[in-house]
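What follows is each chain in one-letter form.
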Amino acid sequence: MTRRGRRVGLPLPALLLAGVAVAFFALPLVGLLWRAPWSNAWTYLTDDAALTALRLSLVTSLCATALSIVFGVPLAWLLARVDFPGRGAVRALCLLSMVLPPVVGGVALFFALGRRGVVGQYLDEWFGVTLPFTTAGVVVAQTFVAMPFLVITVESALRQLDPRLEDASRTLGASRWYTFRRVTLPAIRPALIAGAVLSWARAFGEFGATITFAGNFPGTTQTMPLAVFLSLETNPEEAIVLALVMVAVSFAVLVGLRDRWFGAVGRPEQVAP
Amino acid sequence: MRAVVVLIAVLLAAVSCGSDDAPSGGAVTVFAAASVTAAFTELGDAYTAANPDADVTFNFAGSSDLVAQISEGAPVDVFASADLANMAKLTDAGLDADVPVVFATNAAEIIVEAGNPEGIVSIADLADADLVVVQCALEVPCGAYAAQVFASAGVSVAPKSFEANVNAVVAKVNLGEADAGIVYRTDVLAAGGRAEGVPIPDGINVIAEYPIAVTAGAPNPTGADRFVEFVLSQAGQEILASFGFGAP
């Protein structure tokens, strides 16, 4: 990629401000590393409770990401491609959970899906399904806060995609599904991956909605962020180690998300040689 | 759009006015456990009514969070803890100016939905596996008390969740998502009509002691002493009693 090697003369003020921004994000991390009890770190890391929480966090956040893709891509497509009345309102509604305080989101989920909720009471009555205090509840809470990140990323990619590509595919006799699969999806793949990773990161770090809606029980609903929060009460050293584990896992994933995935959508020459 | 701009302007004005309030000579900053929020708010009002030159600012949070904030150098005059253990952490760190005094007690109680639909009358009833019972996490005082109560009663209870604080337990019962929880008597009183309490017999109950102390780094030690005296005075104790706290 030529972009990586390109040098742009950045004006000095911008460079300084960018430097401040980097320090702003780096310093808290340095603080964590500075306070970390390195001599005891291994004991905390291999603690059963911590490993259980980490495993639960990985499983639930991946499930939430999968759900976000399954429902979020069609939603993004609807918002980008179908012109219907009230589209702006629907978009705002679907992105609301990004700005809603997560604890409020958790309470709202109770009103919707709790055992006294609008829908939840029937889930309980007809199917015997109760989401609060279950692992499924954790996934629901995480998906609720994470999916908007995927929707917003994919929708913007779909909007930037030249519709003539899809038109061409259709004129050449491809079905809608074939066109979506072979033309649209490959073209928005970078955005889809970026959106999925952002959703995953949000789900992995989710705290407020989870502890409110799903509660806190080791093995079923106690994810890493909850474990960190509770160990702050009694053992701040352990909390720091657990927090660093979360940071390390997220850092690895986000570094893996290379620059180019944050670029624009695939250009026509990449899609149709 | 214009309404939004006006709203923002009003909010900004409100915020800037708030920050203009410079602390007066009698300003006292009190860090107090979340469970005394309502009682201390009223205590503060009564205190400033009796001492017009005084100004009390509260910071309510979990006792252990408050200890952490004070240890990190938060400017505070008085610390009121929900348990002796957290106060001891400060005393041991040399951050208390004098020996802490117990100013109130609180008892654990079973909280159930209004009308007690599940007919819960004792700790033993909570062993029913069909009930959704929640309690505080063992890391926070109310969770440790709940565990002690279950142990003293010889009952094995399987809670569905270990909540981060007592307010979360109350909220889950209020919302109807949990059938019962273990909280403080004062919490049941504060929930008003939305929940009711089932007392735990004295023999197996835990009495929580609430200590108060002036901090070593108090910016206003005189004001701090005066506030603590007020909490321990008859007027202060009457206010605490009206919120369900027991005498020390």
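Predicted, not measured: the structure shown is a model, and the values here were computed from it. (Residues numbered from 1 in each chain as written. Chains lettered and ligands numbered in written order. Predicted model: local features only at pLDDT ≥ 70, side-chain atom pairs only at ≥ 80, totals over all residues.)

Trainee: How would you summarise the overall build of chain A if you had to cite specific residues and measurements?
Mentor: What chain A contains, in helices and strands, is 14 helices and zero strands. Mapped from its N terminus to its C terminus, chain A presents α and β elements in the order α-α-α-α-α-α-α-α-α-α-α-α-α-α. Across the 273 residues that make up chain A, the buried fraction comes to 37%. For chain A, contacts bridging at least 24 residues in sequence account for 78% of all contacts bridging at least 6. (Helix = DSSP H or I, 4+ residues; strand = E, 2+ residues; numbered from the N terminus. Buried ≥ 20, exposed ≤ 12 C-beta atoms within 10 Å, placed from the backbone. Contact = placed C-beta atoms within 7 Å.)

Trainee: I'd like a rundown of the overall build of chain B, residues and numbers included.
Mentor: When its secondary structure is counted, chain B shows nine helices and nine strands. Here chain B holds 248 residues, and the buried ones make up 44% of them. Partitioning the intrachain contacts of chain B with sequence separation of at least 6 by distance along the chain shows that 79% fall at a separation of at least 24.

Trainee: How would you explain the nonpolar core if you had to name every residue and give the values?
Mentor: Val 154 of chain A together with Val 78 of chain B are the most contacted members of the largest nonpolar core, which has 135 residues in total. Here this core takes 15 residues from helix H8 (residues 135–160) of chain A, the largest share from any one element. Residues contacting Val 154 of chain A, with those up to four places away along its chain left out, are Gly 72, Val 73, Ala 76, Ile 188, Ala 191, Leu 192 and Gly 195 of chain A. (Core = buried A, V, L, I, M, F, W, Y, C linked by C-beta atoms within 7 Å.)

Trainee: I'd like to hear about the environment of Ala 92 of chain A, residue by residue, with values.
Mentor: All names here are of chain A. Inspection of the secondary structure puts Ala 92 in helix H5 (residues 87–99). Given 11 C-beta atoms within a 10 Å radius, Ala 92 is considered exposed. Expressed as a C-alpha distance, the spacing of Ala 92 and Gly 120, which sit 28 residues apart in the sequence, is 24 Å.

Trainee: How would you explain the interface of chain B and chain A if you had to name every residue and give the values?
Mentor: Between chain B and chain A, the residue contacts involve 14 residues of the former and 15 residues of the latter. No other element matches strand S6 (residues 161–163) of chain B, which puts three residues into the side of chain B that touches chain A. Grouping the amino acids of the side of chain B that touches chain A by side-chain chemistry returns seven nonpolar, three polar and four charged. (Nonpolar A, V, L, I, M, F, W, Y, C, P; charged D, E, K, R; others polar.)

Trainee: Quick rundown of the environment of Gly 195 of chain A? Include the residues and the values.
Mentor: Residues and elements named next belong to chain A. Along the chain, Gly 195 turns up in helix H10 (residues 176–204). Residue Gly 195 is classed as buried on the basis of its C-beta count, with 30 C-beta atoms lying within 10 Å. Gly 195 sits 100 residues away from Leu 95 along the chain, and the two C-alpha atoms are 14 Å apart. Look past the residues within four positions of Gly 195 in its chain and what remains in contact with it is Phe 149, Leu 150, Thr 153 and Val 154.

Trainee: Kindly report on the pairing of strand S9 (residues 207–214) of chain B, identifying the contributing residues and their values.
Mentor: All names here are of chain B. Burial analysis of S9 places six of its eight residues in the buried class, the great majority of the element. Where strand S4 (residues 101–113) lies against S9, six bridges are found, and the strand directions are antiparallel. The residue bridging Ala 104 from the neighbouring strand is Tyr 210, located in S9. (Pairing = 2+ DSSP bridges.)

Trainee: Could you give an account of the packing of helix H4 (residues 48–81) of chain A against H10 of chain A, with specific residues and numbers?
Mentor: Residues and elements named next belong to chain A. Direction vectors running N to C along H4 and H10 enclose 140 degrees, while the axes themselves pass 9 Å from each other. Between H4 and H10, the crossing angle belongs to the class labelled oblique. Both H4 and H10 take part in a crossing whose hand is right-handed. Between H4, through Ser 57, Ser 61, Ala 64, Thr 65, Ser 68 and Ile 69, and H10, the contact on the second element is made entirely by Ala 196, Ser 199, Trp 200, Ala 203 and Phe 204. (Axes fitted to C-alpha atoms, helices over the stretch in contact; angles between N-to-C directions. Parallel < 35°, antiparallel > 145°, perpendicular 65-115°, else oblique. Left-handed = near helix turned anticlockwise from the far one by under 90°.)

Trainee: Kindly report on the packing of helix H6 (residues 102–113) of chain A against H8 of chain A, identifying the contributing residues and their values.
Mentor: Residue and element names in this part refer to chain A. Taken N-terminus to C-terminus, the directions of H6 and H8 make an angle of 120 degrees; their axes are 11 Å apart at the nearest point. If you check the angle between H6 and H8, you find them oblique. Regarding H6 and H8, the two cross each other, and that crossing is right-handed. Here Pro 102, Gly 105, Gly 106, Leu 109 and Leu 113 of H6 come into contact with H8, specifically with Val 140, Ala 141, Phe 144 and Val 145. Classifying every residue of the contact of H6 with H8 gives seven nonpolar, two polar and no charged.

Trainee: How would you sum up the confidence of the model for chain A? Please name residues and give values.
Mentor: All names here are of chain A. Scored by pLDDT, chain A has a mean of 88; 91% of the residues are at 70 or more. Across chain A, the secondary-structure element scoring lowest on mean pLDDT is helix H14 (residues 268–271), at 44, and the one scoring highest is H8, at 96. Per-residue pLDDT stays below 50 along residues 264–273; that stretch engages in 20 contacts with residues further than four places along the chain or on separate chains. (pLDDT = per-residue confidence, 0-100.)

Trainee: Go over the confidence of the model for chain B with me, naming the residues and quoting the values.
Mentor: Residues and elements named next belong to chain B. Averaged over every residue, the pLDDT of chain B is 87; the share at 70 or more is 90%. Here residues 10–25 scores under 50 on pLDDT; set against residues more than four positions off or in separate chains, the count is four contacts. On the interface metric, ipTM, the complex scores 0.78, and its pTM is 0.79.

Trainee: Break down the environment of Gly 73 of chain B for me, citing the residues and quoting the values.
Mentor: All names here are of chain B. Along the chain, Gly 73 turns up in the loop between helix H3 (63–71) and strand S3 (78–80). Judged by the 9 C-beta atoms lying within 10 Å of it, Gly 73 is exposed. In the structure, Gly 73 is positioned 144 residues away from Gly 217 in sequence and 8.6 Å away in space, judged by C-alpha atoms.

Trainee: An account of unusual backbone geometry is needed here, citing residue identities and associated values.
Mentor: The phi dihedral of Phe 133 of chain A falls on the positive side, at around 65 degrees, and the residue is not glycine. Among the structural elements, Phe 133 of chain A can be located in the loop between helix H7 (120–127) and H8. A residue is classified by how many C-beta atoms lie within 10 Å of it, and Phe 133 of chain A, with 24 of them, is buried. Despite not being glycine, Asn 116 of chain B shows a phi value in the positive range, around 45 degrees. Mapped onto the fold, Asn 116 of chain B is located in the loop between S4 and strand S5 (133–136).

Trainee: How would you explain helix H13 (residues 236–256) of chain A if you had to name every residue and give the values?
Mentor: All names here are of chain A. Helix length check: H13, at 21 residues, gives a terminal C-alpha distance of 30 Å against a target of 30 Å (1.5 Å per residue), a fit within 8%. Every buried residue belonging to H13 is among Glu 238, Ile 240, Val 241, Leu 242, Ala 243, Leu 244 and Val 245, and all of these are buried. Turning to H13, the residues buried within the fold contact helix H2 (12–35), helix H3 (41–45), H4 and helix H12 (224–234). (Expected span 1.5 Å × (residues − 1).)

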